[in-house]
Amino acid sequence: MHADLLRLTSPLPGHLGHDQPSRDEQQRLAVLDTFCVLDTQADVLCDLLTELAATLFGTEIALVSLVAENRQWFKARHGLDAQATPRSQSFCSHVIEQDQVMVVLDATQDARFADNPLVTGEPGIRFYAGAPLQTADGVRLGTLCVIGKSPRTQFGRAERLTLRQLAAIVMARLDTLRVSSYVDSLTSLPNRSRLTADLHSLASLGQGTQALAGKLTVVAIDLCDRVYLRDMIKALGWDYVEGFLIQAKEQLRQALGEVALYRIGTTTFAYLERRDIWQQQMEQVERAFAETVQYQGIPHRLEISAGIMPLAQCDDINELVPSLLTAADNARERGNLYCRYEQPLGREQKHFFELLSALPAALLSSEQLWLEYQPKVALSSGQCVGVEALLRWRHPVHGVISPGLFIPLAEKTALIRQVTLWVLQHGIEQAAAWARRGRAIPVAINVSARDFDNDDLVQTLVLLLRQHRIPAGLIEIEFTESAMSKNPEKLYGRIQEIKRLGVKVAIDDFGAGFSNLSYLKNIPADYLKIDQSFIRTMESNYSDQQIVPSMIHLGQKLGFAVVAEGVETEKCRRILHHLGCEYGQGYGIARPMTAGDTWDWIAARD
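Not measured: the values here are computed from a predicted model.

Q: Tell me about the packing of helix H2 (residues 44-57) against helix H5 (residues 157-182), and please be specific about residues and values.
A: For the pair H2 and H5, the least separation of the axes is 10 Å and the interaxial angle reads 175 degrees. Overall, the two elements H2 and H5 adopt an arrangement that is roughly antiparallel. Listed contacts from H5 to Leu45, Cys46, Leu49, Leu52, Ala53, Leu56 and Phe57 of H2 are Glu159, Thr162, Leu163, Leu166, Ile169, Val170 and Arg173.

Pasting the structure below:
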């Protein structure tokens with residue numbers, strides 16, 4: 001357990017009636033806990049060292065023994081089946097009280113051990129030699145010991161030196177295991193695995209655990225949002241950012257004072273505190289970061305956010321860190337300083353994870369995913385000029401899942417490319433099927449900003465158009481204006497490639513993002529689709545009545561054919577037609593429908 005956590009555990013109800021270890025012993029046990037080595041898997045190097053020790057000294061048994069509060073536990077053992085023995089029977093517990101090799105030539109003749117069950121019974125110890133496993137700070141955690149079943153007359157100076165050298169190698173190995181598993185390499189703080197292990201240690205304290213948990217709160221503080229960090233990396237490089245994070249960590253530590261601080265994410269740190277203190281500490285942190293963080297002469301104004309979780313509400317310690325990160329993200333999204341973790345947040349997070357986990361199987365299934373098609377019409381004549389393919393998902397357990405839920409989730413992962421590929425395959429296949437029946441119906445397919453990151457989109461279009469032998473002009477690729485802000489130069493190049501194939505291109509949801517007009521004027525798109533949020537309220541909202549005509553005019557001046565999304569009434573259609581908008585789409589024209597119903601709808605209008 002992190003040594004600074006000891007202040008939170010004293011006094012503990014339920015422990016007052018038991019003999020307490022001395023303060024020095026508590027500190028030694030705390031240091032041992034920081035190694036997180038008890039009850040772990042075997043280590044090959046430690047096993048080899050015990051075999052080597054047994055061979056060098058000609059003993060039946062050799063052990064790497066770690067002395068805990070009530071037992072000694074063997075990280076490595078040669079010639080002994082037991083994984084642990086009671087500390088009260090431990091020879092090694094005597095070794096850690098001194099700074100030198102302890103030798104017992106004949107245990108039956110030593111008053112300390114003559115009646116020891118390990119001497120009078122199995123394994124029948126007669127000879128023992130143990131060298132302490134000592135940290136750089138002089139804390140003795142256990143021993144490397146060799147044990148013989150026959151007494152000896154001597155164990156010389158050279159042999160003692162060799163045993164100490166082997167013990168030093170074991171200690172170096174334990175240090176390496178500790179650092180690689182439980183220490184953050186950048187900040188030298190304990191990491192998220194260490195936090196989880198410490199919480200498990202708190203939970204094992206005994207009768208006082210429940211009362212203690214009721215008094216503690218876990219706090220996660222995120223120092224800056226991902227966008228700011230990403231921009232800093234791009235502008236200044238990762239080496240600079242690492243130095244900045246160390247500086248920010250020090251500022252956080254100074255604001256918090258004496259706490260056990262952990263790094264649980266790139267910019268996120270966590271600590272435990274009594275529930276009556278954490279709010280006061282959050283105010284201190286807020287004041288500390290109200291000023292800029294200076295690093296190498298460059299000021300950074302950070303917007304911190306925090307996730308809060310009372311330890312008593314934590315049903316599963318292994319889920320605590322993800323829960324804290326979720327709460328901190330929610331605080332940032334809501335513009336709040338902190339957000340308390342609540343069970344609905346956890347259920348929502350698990351639901352999202354379940355959906356993402358189920359999506360690959362859905363993509364392979366013939367029964368879960370399907371496309372519906374929403375017609376787009378010329379406002380002057382009502383003639384259908386194309387349809388937009390819209391993905392639908394019926395989950396085998398949760399039923400129909402809104403695309404407004406699973407598409408944004410997929411866009412946060414590489415899964416979105418597989419989703420786009422599925423829609424392209426089925427959308428182009430449907431356009432080809434309609435063409436074979438004698439009706440050329442253009443199909444618009446939505447793609448994500450991530451789909452422009454590589455050549456897969458263009459290559460897939462080439463293959464599918466060749467496979468189904470349909471005119472490229474029957475396919476339209478739609479992307480949202482937010483994609484333009486990611487990497488406008490790359491986007492421009494990809495769209496040029498798509499246009500050279502003869503495929504149409506549309507800018508979707510125009511007005512809902514934050515487009516730079518200098519990007520917009522250079523995009524070689526065919527259509528500009530005005531976001532439905534402007535169209536739906538245009539009849540009654542004065543601001544929209546002023547904005548929509550300007551958007552139509554702007555789009556046309558830039559050479560785009562303009563499509564209004566969200567047309568829900570005949571009056572709205574007439575207004576848009578009067579304003580010069582060429583095309584419309586929305587529930588007032590037609591709802592999304594199956595391929596068969598789409599065919600019938602278009603045929604009826606013809």
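Q: Can you lay out the sheet that holds strand E12 (residues 305-310) for me, pointing to particular residues and giving the numbers?
A: The strand order across the open sheet built from five strands is E8-E9-E7-E12-E13, with neighbouring strands paired in mixed fashion. Each edge of the open sheet carries a strand with a single partner, namely strand E8 (262-263) and strand E13 (338-340). Where E8 meets strand E9 (residues 268-274), two bridges bridge the pair, whose relative direction is antiparallel. Bridged to Tyr262 within E9 is Ala270. In this fold helix H10 (residues 278-288) packs onto strand E7 (216-222), E9, E12 and E13, with an angle of close to 140 degrees to the strand it touches most, E9.

Q: Summarise helix H14 (residues 415-436); cite the residues concerned and give the values.
A: Between its terminal C-alpha atoms H14 stretches 32 Å, which fits the 32 Å expected from 22 residues at 1.5 Å a residue. Just downstream of H14, Gly438 is the residue with a positive phi angle, here 100 degrees.

Q: Break down the pairing of strand E17 (residues 443-446) for me, citing the residues and quoting the values.
A: Regular strands place side chains that alternate from one sheet face to the opposite one. Bridging between strand E15 (residues 384-395) and E17 involves three bridges; their strand directions are parallel. Bridge pairing in E17 links Ala389 to Ile445. Since E17 and strand E18 (residues 475-480) lie parallel, the crossover through helix H15 (residues 456-468) that links them has a hand, and here it is right-handed.

Q: Kindly report on the pattern of salt bridges, identifying the contributing residues and their values.
A: On inspection of all chains with the given rule, the structure shows 24 salt bridges. Across the salt bridge formed by Asp110 and Arg112, the nearest N and O atoms sit 2.9 Å from each other. Since its relative accessible area comes to 45%, Arg112 is described here as partly exposed. The partner of Asp455 in a salt bridge is Arg494, with the nearest N and O atoms 2.8 Å apart. Separated by 39 residues along the polypeptide, Asp455 in the loop between E17 and H15 and Arg494 in helix H17 (residues 488-500) bring together distant segments of the chain. Overlapping salt bridges bring together Glu388, Glu478, Lys529 and Glu565 as one network.

Q: Talk me through the pairing of E15; I want residue IDs and the actual numbers.
A: The element E15 is largely enclosed, with a buried count of 10 among its 12 residues. Both strand E14 (residues 369-378) and E15 contribute to a ladder of nine bridges, which runs antiparallel. Looking at the pairing, Leu371 lines up with Leu391 of E15. Counted along the chain from E14 to the antiparallel partner E15, the turn is five residues long, and its residue Gly382 has a positive phi close to 80 degrees. In this structure, E15 lies alongside strand E16 (residues 399-401), joined through three bridges in antiparallel fashion. Opposite Trp393, over in E16, you have Ile401 as the bridge partner.

Q: Please give an account of the packing of aromatic side chains that cites residues and values.
A: Note on aromatic pairs: each is described by the distance of the centres and the angle between the planes. Scanning all chains against the criterion turns up 10 aromatic pairs. Here Trp393 and Phe406 contribute two aromatic rings whose centre-to-centre distance is 5.3 Å and whose plane-to-plane angle is 90 degrees, an arrangement assigned as edge-to-face. Separated by 13 residues along the polypeptide, Trp393 in strand E15 and Phe406 in helix H13 (residues 403-411) bring together distant segments of the chain. Across the pair, Phe406 and Trp393 agree in class, each one buried. By way of ring pairs, the aromatic residues Phe57, Phe127 and Phe155 are connected into one cluster. Across the ring face of Phe35, the terminal group of Arg178 is positioned such that the distance to the ring centre comes to 5.3 Å. When the ring centre of Trp599 is taken as reference, the NZ or CZ atom of Arg439 above it lies at 4.9 Å.

Q: Account for the environment of Met484, naming residues and giving values.
A: Tracing the chain through its elements places Met484 in helix H16 (residues 482-486). Sequence separation between Met484 and Ala449 is 35 residues, and the spatial gap between their C-alpha atoms is 8.1 Å.

Q: I'd like to hear about unusual backbone geometry, residue by residue, with values.
A: Of all residues except glycine, most have a negative phi; of all peptide bonds, most are trans. Note that the residue after Glu122, namely Pro123, is joined by a cis bond; omega there is 5 degrees. Tracing the backbone through its elements, the reader meets Pro123 in the loop between helix H4 (117-120) and strand E5 (127-134). Residues other than glycine seldom take positive phi values, yet Arg469 does so here, at roughly 55 degrees. Considering the arrangement of structural elements, one finds Arg469 in the loop between H15 and E18. Exposure remark for Arg469: the relative accessible area of 76% places this residue in the exposed category. Notably, Asp509 is not glycine yet its phi reads approximately 55 degrees, a positive angle.

What counts and what doesn't
- Residues numbered from 1 in each chain as written.
- Predicted model: local features only at pLDDT ≥ 70, side-chain atom pairs only at ≥ 80, totals over all residues.
- Heavy atoms only, no water.
- Axes fitted to C-alpha atoms, helices over the stretch in contact; angles between N-to-C directions.
- Helix = DSSP H or I, 4+ residues; strand = E, 2+ residues; numbered from the N terminus.
- Parallel < 35°, antiparallel > 145°, perpendicular 65-115°, else oblique.
- Contact = heavy atoms within 4.5 Å.
- Pairing = 2+ DSSP bridges.
- Expected span 1.5 Å × (residues − 1).
- Right-handed = clockwise from strand over helix to strand, strands pointing away.
- Salt bridge = Lys/Arg side-chain N within 4 Å of Asp/Glu carboxyl O.
- Buried < 20%, exposed > 50% of the residue type's maximum accessible area, 1.4 Å probe, protein only.
- Phe/Tyr/Trp six-rings, centres within 6.5 Å; stacked < 30°, edge-to-face > 60°.
- Lys NZ or Arg CZ within 6 Å of the ring centre and 35° of its normal.

Shape descriptors only; they carry no functional weight alone.
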